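# What the coordinates show
The primary structure of each chain is shown beneath.
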Amino acid sequence: MRRLISLALAMVLSTAAQAQTAWPTKPIRMIVGFAAGGSTDVTARIIAQALSERLGQPVVIENRTGAGGNIGADAVAKADPDGYTLLMTTSSTFAANPSLYKSLPFDVQKDFAPIALTAFIPNLLVVNPSVPSDNVSDFIAYLKANPGKLNYGSAGNGTSQHLSGELFNSLAGVRMVHVAYRGGAPAVSDLLGGQVQVIFAPLVEVIQQVRAEKLKALGITTAKRSPLLSEVPTIAENLPGYEITLWNGLLAPANTPPEIIEKINRATSDALRSADVKAKLAEQGSEPVGGTPAEFKAFIASELVKWRKLVEVSGATVQ
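Report on the accompanying structure. The structure presented is a predicted model; accordingly, all values stated were derived computationally and were not measured. Think of each chain on its own: its residues are numbered from 1, step by step along the sequence as written. Reporting of local features is limited, given that this is a predicted model, to residues whose pLDDT is at least 70; pairs of side-chain atoms are given and counted only at 80 or more, and all residues count toward the totals for whole chains, interfaces and linings. As a convention, hydrogens and water are excluded, and side-chain values are obtained from all of the structure's heavy atoms.

Quick look at the nonpolar core now. Put simply, buried Ala, Val, Leu, Ile, Met, Phe, Trp, Tyr and Cys residues joined by side-chain atoms within 4.5 Å make one nonpolar core. In this scheme, a residue with accessible area under 20% of its type's maximum is buried, one over 50% is exposed, and one in between is partly exposed, where area comes from a 1.4 Å probe on protein chains only. Among the nonpolar cores identified, the biggest contains 48 residues, and Phe 139 and Phe 168 are the most heavily contacted of them. Numbered from the N terminus, helices here are DSSP runs of H or I no shorter than four residues, and strands are runs of E no shorter than two. Contributing elements (two or more residues each) for this core: α3 (70-77), α4 (91-100), β4 (112-127), α5 (136-145), α6 (160-172), β7 (198-202), β9 (245-253) and α11 (293-314). Considering each element in turn, this core owes the most residues, seven residues, to α11. With sequence-adjacent residues up to four places away left out, Phe 168 is seen in contact with Leu 125, Val 136, Phe 139, Ile 140, Leu 143, Gly 173, Val 174, Met 176, Phe 200, Ile 235, Leu 239 and Tyr 242. Ile 28, Ala 116, Ala 267 and Leu 272 belong to the second-largest nonpolar core, a separate cluster that totals 29 residues. Any two residues having at least one pair of non-hydrogen atoms within 4.5 Å are treated as being in contact.

For every element, the axis is a line fit to its C-alpha atoms; helices are fit only across the contacting stretch, and the angle between N-to-C directions ranges from 0 to 180 degrees. Between helix α9 (residues 258-273) and helix α10 (residues 275-283), whose axes approach to 5 Å, the crossing angle comes to 70°. Relative to α10, the element α9 is oriented roughly perpendicular. Across the interface between the two elements, Ala 271, Leu 272 and Arg 273 of α9 pack against Ala 275, Val 277, Lys 278 and Leu 281 of α10. Note on residue categories: nonpolar means Ala, Val, Leu, Ile, Met, Phe, Trp, Tyr, Cys or Pro, charged means Asp, Glu, Lys or Arg, and polar means any other residue, Gly included. Of the residues that constitute the contact of α9 with α10, the class distribution is five nonpolar, no polar and two charged. Small angles under 35 degrees read as roughly parallel and large ones over 145 as roughly antiparallel, with 65 to 115 read as roughly perpendicular and the rest as oblique.

Within this scheme a cavity is a closed region of a 1 Å grid, computed over the protein atoms alone, that accommodates a 1.4 Å probe without allowing it to escape, whereas a pocket is open but has protein on both sides within 12 Å along at least five of seven lines; lining residues each have an atom within 4 Å of a point. Grid points are joined across faces, edges and corners, and a volume is the space filled by probe spheres set on the points. Looking at the largest pocket, its volume works out to about 340 Å³. Here the residues of the lining of the largest pocket are counted per class, giving seven nonpolar, five polar and four charged. One number sums up the size of the second largest pocket: a volume of about 220 Å³. Taken together, 13 residues line the second largest pocket, and the ones lying closest to its centre are Gln 109, Phe 112, Ala 113, Pro 114 and Lys 297.

With that out of the way, let us pick up the packing of aromatic side chains. Two aromatic rings are characterised by how far apart their centres lie and by the angle between their planes. Put simply, two rings from Phe, Tyr or Trp (the six-membered ring, in Trp's case) pair if the centres are within 6.5 Å, and we call them stacked under 30 degrees between planes, edge-to-face over 60, tilted for the rest. Counted by the stated rule, this structure contains 10 aromatic pairs. On the basis of an interplanar angle of 75° and a centroid distance of 5.3 Å, the ring pair of Trp 247 and Phe 299 is categorised as edge-to-face. Of this pair, Trp 247 sits in strand β9 while Phe 299 sits in helix α11, and the two are 52 residues apart along the sequence. Using a relative accessible area of 1% as the deciding quantity, one classes Trp 247 as buried. Taken together, Phe 139, Tyr 152, Phe 168, Phe 200 and Tyr 242 form an aromatic cluster joined through their ring pairs. Criterion for a charge above a ring: Lys NZ or Arg CZ within 6 Å of the ring centre, and within 35 degrees of the ring normal. We note Lys 26 situated over the ring of Tyr 84; from NZ or CZ to the ring centre the distance is 4.7 Å.

Scanning all chains against the criterion turns up one cavity of 30 Å³ or more. Quantified by volume, the largest cavity comes out at close to 100 Å³. Together, 14 residues line the largest cavity, and Phe 34, Thr 40, Ala 155, Gln 161 and Pro 202 are the ones closest to its centre. Contributing elements (two or more residues each) for the lining of the largest cavity: α2 (39-55) and α6. Of the residues in the lining of the largest cavity, the class split is four nonpolar, nine polar and one charged.

Mapped onto the elements of the fold, Asp 41 is located in helix α2. Polar contact is defined as a pair of N or O atoms within 3.5 Å, subject to the rule that within protein one atom must be able to donate a hydrogen and the other to accept it, and that residues adjacent in sequence are counted only when both atoms are side-chain atoms. Polar side-chain contacts of Asp 41 include one of 2.8 Å to the side chain of Arg 45. Apart from residues no more than four positions distant in its own chain, Asp 41 is found in contact with Val 32, Ala 35, Ala 36, Ile 61 and Asn 63.

Right, here's the structure in full:
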């Protein structure tokens, strides 16, 4: 009898081990909380293609837009923890939203299993050519002379674009009116059409329009200039203390088996080290990061503190 029980237990353990080894056996969903064509979506598609090649199954992007990425994040938090639903998130959703929103339907530290920090991405202050300013100093002077006249668009309430604008308002002592969209791409479309006049957009979303002189670039939000637009100064060069850096990261639902998390992390890290992925990210001004799940978990904890202070300084709120 004991021998039969031992054999049965061995078979169960063997089957479980084989299932973990075999994962994945079907396509994987990668949910993005913002519209197609935006910075997060572009990064997600680069990573998804690289993961498809390394995991041997299609990694399919699904855009779940709205509420500053909260809708997409909530869908992943409630998904089965089997490794077949992933989230490409941003600093907006995971670091800023917990301080901006009175309540969230998920807990960023308890409801997700961090996989890897994927990229750092700069935002660029760009304006419609109708705005009579060619640099940050002139722009601040114009805004002070015309309070509330200009609208700035963003990919949604609580996004890094939103906070970039509110921090600018706060530090410069000016007033622009925020207009929230359901993603970066539609916001840029309205900027080109003149419905909004200003955007603090991820570099990838506007660099071609800047090069074509359809938009004017006044400054970059990061502490250092971007090698893609080295002639564009940092905002801090004219507005001391100003700095915002957007990041993307990959997560799964909490309780996803550690073996699966590790397998995705290895594939992601390998992709971020590859020349192909590095080149594609560099095209949008992004810097690949990588690292372990534990490192990403610690990074999220530190970012929550940093962005809470940023929200306080900016005065931004979301109803």
